[in-house]
Amino acid sequence: GQDEGQLEQADEAAAAGQFAALDDSDEEDEEGNYVLHVRTALLEAKKGAITALGEMAAHTGAAFCPYLEDSMTVLQQSANNWHPLIKGETAEALPSLVVPSVAAHHCGEIQWEKGDIGGTSPMSPHTTAVTTAVLGELVSLMKDDDGETVGKACEGIQSVIELCGPHALAPIANDCLTTAFQLLSRQAPCQRAEELYGEGFDDDDDHDDFMTSVCDLVGAFGRVMGQHFVQYLPQFLPPICAYAKTSRPPSDRAMAMGCLGELAQELEGGIKDHWQTVFLPAILAGLADPDDNVKRNAAFCAGVCCEGLGDAIAAQYPQLLQAISPIFGSDPNQGESTAAALDNAAAAVSRMIMASPGNVPMAQVLPALLQSLPLKTDMTENETVYKCLLGLLQMNQPDAIANKAELRRIFTEATAEGSKVDEETKGKLTLALPALN
């Protein structure tokens, strides 16, 4: 087939005719001797074909299995293409090749356990072969010199390991972890290429979008590897925290804070050795940040740290509550990010109450918490908040009983038609309502 581009002698290119390729793009070198001739229409056609391949694999289920081998061969070739547009699209399409095998051999879902690599793999031999081939290509694309391609490769690896579990990650774990660490430390090929052209890592640099995908992948390591990832925290935490510095853009600070929160949630007690030195200072700085998205992620991180570490960090409760309290004074009508910060502050306090109720001054804390409910934006925290409130009622906690009217208001709004609270939680709140009259 025709290639999408080539170097041609400048005079040959001119001889081909002045209007030979209006849809193409040319670049001349400094000497003027050669022209880089890019057939953009052909590039777009290839990109479209790769997209179509990925979409068909993702949406036709087991019926696509007979075409997996040929599709894999095509995508392996396009992964080595010279153009970032093609490589990026390939990184996006590759994870979809796993879907038909999971549909055919696992009824669409693989039952895996966090951190369990000792037992028998839950993947069939066919799925194992497909994931090995797909993840091998994606790890190679993580090392590409194009940032966007790297980001898509990280997203692809995340989706595959979250679908298939630790046995899928194990064969590529060392390579994948090493490359992710290089990216966080800004030592990867795509970052060295920037420095080569004088674009070093300055504190006021714009946020690199692909780094969000890298941090999301690090969170996925925690989700899939569980306690096996704890040993890597001393290496990974410093470069993550470098993005949380006040001199970095707000999007970087929010990204780093979100990554710490995900790790705390997934590793639970595994972060205890780093609580005083890394997590607590980062949370306190994040809660004091002027940016609402940073505050939101810091509040989430505070809550999951308290949930995972329990009474062991009860001594820091006063400090944490004091840092969270200003968020409860914010107006949720200021915007979605302000409302989300308030929702996450409510969830953080709820987690603190459930983790160590004796260390929360309920008479001061509960009225502020109730005033902020129901949640406005972040509905993923509904389960946490209502589990806390229902628990307080079940134990006849005196301050909860004293605030029956507020609880009745919240439960009534949460169970009303059009409420975004899930049906299971609504059912529990409906059962609890009569006792609040």
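To be clear, the structure that these remarks concern was listed above.
A. Structural detail: the overall build of the protein. Across its full length, the protein carries 22 helices and three strands. Counting across all 437 residues of the protein, residues that qualify as buried make up 49%. Sequence separation of 24 or more characterises 71% of the internal contacts of the protein that already satisfy a separation of 6 or more. When the accessible surface of the protein is split by element, carbon and sulfur atoms take 51% of a total near 20,400 Å².

B. The side chain of T131, seen in detail. Mapped onto the elements, T131 comes out in helix α6 (residues 125–142). Owing to a relative accessible area of 1%, T131 belongs among the buried residues under this scheme. Once residues within four sequence positions are removed from consideration, T131 is found in contact with V98, M123, V160 and C164.

C. Broad picture of the environment of K46. In this structure, K46 sits in helix α2 (residues 40–59). C-alpha of K46 to C-alpha of L85: the two residues are 39 residues apart in sequence and 9.5 Å apart in space.

D. Inspection of helix α12 (residues 233–242) at higher detail. Looking only at α12, the buried set comprises L233, F236, L237, P239 and I240. Those residues of α12 hidden inside the fold are in contact with α9 (173–184), α11 (209–225), α13 (250–267) and α14 (275–287).

E. Fine view of unusual backbone geometry. In this model, L373 is joined to P374 through a cis peptide bond whose omega is 0 degrees. Inspection of the secondary structure puts P374 in the loop between α18 (362–371) and α19 (382–394). Look at C107: it is not a glycine, yet its phi comes out positive at around 55 degrees. Its location among the elements puts C107 in the loop between α5 (98–106) and α6. One non-glycine residue with positive phi stands out, namely R186, at about 60 degrees. Structurally, the position occupied by R186 is in the loop between α9 and α10 (189–196).

F. Structural view of the packing of aromatic side chains. On inspection of all chains with the given rule, the structure shows six aromatic pairs. Here F64 and Y67 contribute two aromatic rings whose centre-to-centre distance is 5.9 Å and whose plane-to-plane angle is 55 degrees, an arrangement assigned as tilted. Residue class for F64 comes out buried when judged on its relative accessible area of 6%. Ring geometry for F221 and F229: centres 5.9 Å apart, planes at 40 degrees, overall tilted. For the pair shown, F221 and F229 are each scored as buried.

G. Here's a closer look at the pattern of salt bridges. Inspection of every chain in the model, using the stated rule, returns 19 salt bridges. Where D378 meets R296, a salt bridge forms, and the shortest distance between an N and an O atom there is 3.4 Å. A residue pair is termed long-range when its members are at least 10 positions apart, and D378 in the loop between α18 and α19 and R296 in helix α15 (residues 292–309) qualify at 82 residues. The class for D378 is buried, based on a relative accessible area of 9%. Residues E423 and K426 are paired through a salt bridge, measuring 3.8 Å at the closest nitrogen-oxygen approach. In this pair, E423 and K426 both sit in helix α22 (residues 423–432), three residues apart, roughly one turn of the helix. Given the relative accessible area of 59%, E423 is considered exposed. A network of salt bridges, in which partner residues are shared, links K114, E162, R223, E262 and E266.

Definitions and limits used
Residues numbered from 1 in each chain as written. Predicted model: local features only at pLDDT ≥ 70, side-chain atom pairs only at ≥ 80, totals over all residues. Heavy atoms only, no water. Helix = DSSP H or I, 4+ residues; strand = E, 2+ residues; numbered from the N terminus. Buried < 20%, exposed > 50% of the residue type's maximum accessible area, 1.4 Å probe, protein only. Contact = heavy atoms within 4.5 Å. Areas by Shrake-Rupley, 256 points an atom, 1.4 Å probe, with all protein chains shown as cover. Phe/Tyr/Trp six-rings, centres within 6.5 Å; stacked < 30°, edge-to-face > 60°. Salt bridge = Lys/Arg side-chain N within 4 Å of Asp/Glu carboxyl O.

In short, geometric facts, not functional conclusions.
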